[in-house]
Amino acid sequence: MEPLRIGALGAARITEAALITPARQAPETVVTAVAARDRARAEAFAAAQGIPVVHDSYQALIADPDIDAVYNPLPNSLHAPWTLCAIDAGKHVLCEKPFTSHAGQAREVAAAARASGLVVMEAMHYRYHPLAQVMLDRLALIAGPEDDCRNGIKHLHCTVCFPLDGPDDIRFCYDLAGGVAMDAGCYAIDCIRLLGPGEPEVVAALATEQNPGVDRAMTAFLRFPGGATAWLDVSFTLGGKFRADVHVVGQHGQMRVQNFIHPYLRYRVTTQTGEGAASVRSEPGESSETTYLGQLRTFAAAVQRGEPFPTTAEHAVVTMELIDDIYRAAGLPLRP
C-alpha cells in the first residue's frame, strides 16, 4: 500500500512534534508539502524538515492532487474554515484541537465530514497512547464490578495548566478564538468525558480574564445524568509549570493520574481501594512511541483501511458544545 501523503498548513511549532517526527517513524505516512502565509518561512521549514514541496498558499496546497490528507495546526479561528475547504477538495483532515471556534462551526464540519465520507479527526493525541486504556482499566477497581462500572463513579476533578511565554501569545487573542477554556479546557473536558459516567452538563463556571472576553483561568462545575459530578480547573500561567492531572472518586476507591496529556515523557497512575494502594509509573525513556505517533498511525489506518477511531468530528461537537456552555455560564462571549 502506498503511504498516506500529507500536506501541512502553516509552519506552526506543534507541526514538528505532532506530524514531522512521527511521520518519520510511521512508514505508512509521508509529509510531502507545506504552505505558509510567508513563503520564505515555509521554505525554511521545508528545508529543515526535508519536505519536498512548498506551496504559495493554503488553497494551493489543498488543491494539490498529490496530497491525500491535510494537517491543520493553524490558530483556533482558522480550524473550521480550512478544514471545510480541505473536505470540499476531497482531502482527509487531521485537525488540531480545539476543533473549531464554537459548536455551530463544529456541527457544520461534522456534517460536511459525514456527507463526504472522508476521515476528519480531532488531534486529541493523548487518546492514542496506552495510558488511556490503563485509566479505563483502573476504573473497574475503584467503581465496582458491575457490567457498567462507570455507574460507580462519584466525582472527577481535572486540572490542566499550560505555561505561556508572555501576554502577547496568540492564545490570548479573542479574534483568533483564544482563551484557556479552548486550549487547555478541551483536554480537561475530553478526559472527563472519557472517564465519566455518560455525557455531563455544565452547571456553573467562573473565569479570570486576561483580556476582555479572553480567559486565562477557568473553573467549571459539571454534573452527569446519574448524579455524579466533575470539576475542571484550567489555566494559562506566565513562567509556570505544565500540569495535566485527573482525580476520579468511585464507590470503592480513588484513582489519581499525573500527566495524562504527555504520558510518553512521564506519568503516574495511583489507585487506592479498601485493599490498599497500587501504582503504575512511567519514567522518561521507557517508550519511544509518543502520543502523536499513535495518533498518526490511527489516522492512517482510518484512511487506508477504514478502521474506527474515537476523536471523530461528531465527538468533537459535544466537546465544543460544553466549551460554549462554560463560556455562557462564566458570562463570557462565545469565540467569534
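Refer to the structure presented above.
What counts, and where the lines are drawn
- Residues numbered from 1 in each chain as written.
- Predicted model: local features only at pLDDT ≥ 70, side-chain atom pairs only at ≥ 80, totals over all residues.
- Heavy atoms only, no water.
- Helix = DSSP H or I, 4+ residues; strand = E, 2+ residues; numbered from the N terminus.
- Rg over C-alpha atoms; globule rule 2.2 N^0.38 Å.
- Buried < 20%, exposed > 50% of the residue type's maximum accessible area, 1.4 Å probe, protein only.
- Areas by Shrake-Rupley, 256 points an atom, 1.4 Å probe, with all protein chains shown as cover.
- Pairing = 2+ DSSP bridges.
- Arc of directions from axis to C-beta.
- Contact = heavy atoms within 4.5 Å.
- Axes fitted to C-alpha atoms, helices over the stretch in contact; angles between N-to-C directions.
- Phe/Tyr/Trp six-rings, centres within 6.5 Å; stacked < 30°, edge-to-face > 60°.

1. Some details on the overall build of the chain
Then, number 1: Along the backbone of the chain there are ten helices and 14 strands.
Then, number 2: Relative to the 2.2 N^0.38 estimate, which gives 20 Å for 336 residues, the radius of gyration of the chain is 20 Å and therefore close to what a compact globule would have.
Then, number 3: Counting all 336 residues of the chain, 54% fall into the buried class.
Then, number 4: Accessible area of the chain: about 13,900 Å², with a carbon and sulfur share of 51%.

2. Notes on the pairing of strand β8 (residues 201–211)
Then, number 1: Looking at chain direction, β8 and strand β9 (residues 214–223) are connected through nine bridges and run antiparallel. By the bridge assignment for β9, A207 is matched with M218.

3. Section: helix α2 (residues 39–49)
Then, number 1: Residues of α2 that are buried: A42, F45, A46 and Q49. Across the axial projection of α2, the buried residues extend over an arc of 100°, all falling on one side. Opposite its buried face, α2 presents the exposed residues A47 and A48, each directed more than 90 degrees away.
Then, number 2: Elements in contact with the buried residues of α2: α1 (13–25), β2 (29–35) and β3 (53–55).

4. Points about the sheet that holds strand β4 (residues 69–72)
Then, number 1: The six strands lie next to each other as β3-β2-β1-β4-β5-β6, forming an open sheet whose pairing is parallel. Looking at strand neighbours, the two that pair on one side only are β3 and β6 (120–122), the edges of this open sheet. Taking each pair of neighbouring strands and ignoring which way they run, the sheet shows an average axis angle of 25°.
Then, number 2: Here strand β1 (residues 4–9) runs beside β4; their pairing, made up of three bridges, is parallel. Paired with I6 across the strands is A69, a residue of β4.

5. Focus on the packing of aromatic side chains
Aromatic ring pairs are reported here in terms of the distance separating the ring centres and the angle at which the planes meet.
Then, number 1: Across all of its chains, the model carries nine aromatic pairs by this definition.
Then, number 2: Measuring from centroid to centroid gives 5.2 Å for Y126 and F260, while their planes differ by 75°, and the two rings are edge-to-face. Linking Y126 in the loop between β6 and α6 (130–143) with F260 in the loop between β12 (253–258) and β13 (267–273), this pair joins segments that are 134 residues apart in sequence. When sorted by exposure, Y126 lands in the same class as F260, which is buried.
Then, number 3: With a centroid separation of 5.9 Å and an interplanar angle of 75°, the aromatic rings of F162 and Y187 are classed as edge-to-face.

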